[in-house]
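Analysis of the macromolecular model
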Amino acid sequence: MTLFTNARVFTGESETAFASAFRVVDGVIDWVGDATEVAEQPAVDLGGRTVVPGLIDSHTHPALIAGTVAAAECFPPAVTSPDELVAVLLAHADTVTDPGAWILGRGFDDTKFPGRAMPTAADLDRVSTQRPVLVWRCDAHSAVCNTRALQVAGITADTPDPTGARFERDDDGRPNGVLTEIAAVAAVTAFIPAPTRQEQVASLVALGDELASRGIVAVCDLLSTRIDQPLATFREAARQGLRTRVALYPGWDARHPLADLTTEDREGPIAVAGVKVVLDGAYSNRTAWVHAPYPDSCDHGLRLVDDAEVVAAGEWARRNGVQLAVHAMGDRALDRVADLFADAEPWLEGIPSVRIEHATIVGEDYLTRLRGARMSFGIATHTVFFFAEYDGYEKALRAEQVPDAYPIARLYDGIAPLALSSDRPATAWSGADDVMLSVEAAVRRRTYDGIDFGPEAAIDVAQALLLYTGRARLLSPLQGVGMIAPGFDGSFAVLERDVFTVPADEIAQVRVAETWVRGERVFTR
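Residues numbered from 1 in each chain as written. Predicted model: local features only at pLDDT ≥ 70, side-chain atom pairs only at ≥ 80, totals over all residues. Heavy atoms only, no water.

Details of the pattern of salt bridges
Evaluated as defined, the whole model comprises 41 salt bridges. Linking D30 and R23 is a salt bridge whose minimum nitrogen-to-oxygen distance equals 2.9 Å. Residue D30 is classed as partly exposed on the basis of its relative accessible area of 38%. Overlapping salt bridges, with partners in common, bring together D109, D110, K112, R137, D139 and D391 in one network. (Salt bridge = Lys/Arg side-chain N within 4 Å of Asp/Glu carboxyl O. Buried < 20%, exposed > 50% of the residue type's maximum accessible area, 1.4 Å probe, protein only.)

This is the structure we're talking about:
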């Protein structure tokens, strides 16, 4: 038994629920109250610091990180030009000793490059003409590779575009190395040797330590099939030191049907929680599926899968008693999710049967439709997207759409199962899973370069933290996290500064001093 006292404890139960002491017995909280009630008892004195429940990142990609462990980080603000991208990859190439190994990177954002120019094979040929080179774009939907990688993959001028994707081409019709959307990227990445199981496990254990440094104790991995046998790999990582709770959402692929789940697959701190289907592309790359064409074009983005695949994924989720998570960014994609499922009977109790991932453009009419549906819906969305990727949204959003873009205040009031999340590493910012960065963006509604982005959609600090704690727990089957309350895990974060009173423009500077998981301190800054 451990008593914690002398703290400002945000319990995650509501915007105004605070305490000053709590007790953990066998890893579980059994009492929360006022420090004066236990003044004479032995306790861990938290020094008057602010405490929040262990944080939940409801949409992130640990498996993608583990599956691309050999990739160099090429995120803004460190990389803002093709020359800087090439420089990072050249430095990384010097560390890869196997002469036949691929040179990999991830995270570049071409909308921050001079002239918003997409790098091509010609740029990456400066890294190497003998070794294959590939770097994923920040959205993880698209990539660029060098000429050697195209040769390895057998992609020529005669190669047809995959369904829902494109091999971009030069004026003569030859592939220029730009791989737009998932199927085009997969045509090349299929030739990249996967990291070993132990390399993946070690990556996950290290990532768990990094998450603990941010106060994050639970995550939803929204495409866990980026590695083979994700459930076994994550559980092995837990045996080797991963303390993070993980809800796994394998990707739906009609060509490779998922096996049905066992009870054991769905239970425990590492468990399969649902299945994910990717319906459209990304706004920052103008591939989200939209009703009105993108500004100055006749392009409506890309729909990546047809209705039959989405419905089949939903049937698998229903049969296996787990969630269906649908990536839908464009308004046309969002409407299609509602068209397909609004009138269907929900199959889960207590949490949404259908999660909508990202939900970029949400008007009041759409929220009204979700609330009135027979189906139970929830939403995982972001503030780090508009903060980090404004350059892309500026060219992708029509003026009349801006008030409905990531309308966090409207969502907060309109749908209970709601979470903010990072989408790391599919976000154009280094350290995108820094929760305080997202909280500041929710409060200030300003981009990385100081531009106001729909200030009427701002929420306050307590509301933003609830979307990482008490409200986030309503979105997924992660058990025992999200609140400091009796019956919940003794998992919490101690902050170096009081996030509720610091100036708004200093929220992102607030750091986690300690993280505790089930009553055990796992991180100290």
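Here we look at the sheet that holds strand β10 (residues 143-145)
Read from one edge of the open sheet, six strands run β7-β8-β9-β10-β12-β11, paired in mixed fashion. Among the strands making up the open sheet, the edge pair consists of β7 (72-73) and β11 (166-169). (Pairing = 2+ DSSP bridges. Helix = DSSP H or I, 4+ residues; strand = E, 2+ residues; numbered from the N terminus.)

Side note on helix α6 (residues 197-213)
Helical periodicity: at 3.6 residues per turn, an α-helix aligns residues three or four positions apart in one direction. If you check α6, its first and last C-alpha atoms are 25 Å apart, about what 17 residues at 1.5 Å a residue would give, namely 24 Å. Among all positions of α6, only Q200, V201, S203, L204, V205, L207, G208, L211, A212 and S213 are buried. Buried residues belonging to α6 abut α1 (62-67), β13 (216-221), α7 (230-239), β22 (512-517) and β23 (520-524). G215 lies just past α6 and shows a positive phi near 80 degrees. (Expected span 1.5 Å × (residues − 1). Contact = heavy atoms within 4.5 Å.)

Considering the nonpolar core
Core analysis: the largest hydrophobic core is formed by 110 residues, its most contacted members being Y283, L324, V337, I356 and F377. Of all hydrophobic cores here, the second largest spans 18 residues; its members include L104, I155, V185 and V188. (Core = buried A, V, L, I, M, F, W, Y, C linked by side-chain atoms within 4.5 Å.)

Some points on the packing of aromatic side chains
In the structure shown here, the tally under the stated rule is 18 aromatic pairs. Summarising the aromatic geometry, the rings of F4 and F492 are spaced 5.0 Å apart at their centres and angled 75 degrees between planes, so their arrangement reads as edge-to-face. In this pair, F4 sits in strand β1 (residues 2-10) while F492 sits in strand β21 (residues 492-495), placing the two residues 488 residues apart along the sequence. Owing to a relative accessible area of 0%, F492 belongs among the buried residues under this scheme. Grouping aromatic residues by their ring pairs yields a cluster made of Y283, Y294, F385, F386, Y390, Y393, Y406 and F453. Between the NZ or CZ atom of R355 and the centre of the ring of Y249, over which it lies, the distance is 5.0 Å. (Phe/Tyr/Trp six-rings, centres within 6.5 Å; stacked < 30°, edge-to-face > 60°. Lys NZ or Arg CZ within 6 Å of the ring centre and 35° of its normal.)

Details of the packing of helix α8 (residues 307-320) against helix α9 (residues 331-341)
It is the contact of α8 with α9, at a shortest axis distance of 11 Å, that shows an interaxial angle of 55 degrees. Between α8 and α9, the angle is such that the two are oblique. When the axes of α8 and α9 are compared, the crossing they make is right-handed. In this structure, α8 uses D307, V310, V311 and G314 to contact α9, whose residues at the interface are R336, L340 and F341. Residue classes in the contact of α8 with α9 are distributed as four nonpolar, one polar and two charged. (Axes fitted to C-alpha atoms, helices over the stretch in contact; angles between N-to-C directions. Parallel < 35°, antiparallel > 145°, perpendicular 65-115°, else oblique. Left-handed = near helix turned anticlockwise from the far one by under 90°. Nonpolar A, V, L, I, M, F, W, Y, C, P; charged D, E, K, R; others polar.)

Here we look at the side chain of S421
Here S421 lies in the loop between β20 (418-420) and α14 (435-444). S421 gets classed as buried once you look at its relative accessible area, which sits at 0%. Sequence-distant contacts of S421, that is, excluding residues within four places in its chain, are made with D57, S58, H59, A380, T381, H382, V384 and Y468.

Digging into the packing of α6 against α7
Two numbers describe a pair of packed helices, the interaxial angle and the distance between the axes. Two elements in contact, α6 and α7, have axes separated by 9 Å at closest approach and are oriented at 60 degrees. Put simply, α6 runs oblique to α7. The crossing of α6 and α7 is right-handed. Of the residues in α7, those in contact with R197, Q200, V201, L204 and V205 of α6 are A232, T233, F234, E236 and A237. In terms of residue class, the contact of α6 with α7 is made up of six nonpolar, two polar and two charged.

Some thoughts on the side chain of D489
Looking at where D489 falls in the secondary structure, it is placed in the loop between α15 (461-466) and β21. Taking relative accessible area as the criterion, D489 reaches 6% and is therefore assigned buried. The contacts of D489, once residues within four sequence positions are left out, are G27, V28, I29, R245, Q479, G480, V481, M483 and R518.

Observations regarding the sheet that holds strand β17 (residues 323-328)
Sheet strands line up and pair through hydrogen bonds in the backbone, either parallel or antiparallel. Taken together, the five strands give an open sheet; going across it, the order is β16-β17-β18-β19-β20, and neighbouring strands pair in parallel fashion. Of all the strands in the sheet, just β16 (274-278) and β20 have a single pairing partner and so form its edges. Ignoring strand direction, the axes of neighbouring strands in this sheet form an average angle of 20 degrees. Direction of pairing for β17 relative to strand β18 (residues 354-358): parallel, over a ladder of five bridges. By the bridge assignment, V326 is partnered in β18 with I356.

Section: the pairing of strand β19 (residues 377-381)
In terms of burial, β19 is largely enclosed, as five of its five residues are buried. In β19, alternate side chains face the same way, and those of F377, I379 and T381 on one face and G378 and A380 on the other are all buried. Sheet topology places β18 next to β19; four bridges connect them, and they run parallel. Note that in β19 the partner of E357 across the bridge is A380. The pairing of β19 with β20 spans three bridges and is classified as parallel. Note that in β20 the partner of T381 across the bridge is L420.

Some remarks on the environment of S284
Take S284: it is sitting in the loop between β16 and α8. On the basis of relative accessible area, S284 is assigned to the buried category, the value being 2%. Taking the C-alpha atoms as reference points, S284 and D139, 145 residues apart in sequence, are found 7.7 Å from one another. Setting aside residues up to four positions removed in sequence, S284 forms contacts with T111, R137, D139, E389, G392 and K395. Within polar-contact distance, the side chain of S284 engages the side chain of E389 at 3.3 Å. (Polar contact = N/O pair within 3.5 Å; in protein donor to acceptor, adjacent residues only side chain to side chain.)

Description of the pairing of strand β5 (residues 50-53)
Side chains T50 and V52 of β5 all project onto a buried face; the interleaved residues V51 and P53 project onto the opposite face, where all are buried too. Alignment of β1 against β5, held across two bridges, turns out to be parallel. Bridge pairing in β5 places V9 opposite V51. The pairing of β5 with β21 spans three bridges and is classified as antiparallel. By the bridge assignment for β21, V51 is matched with V494.

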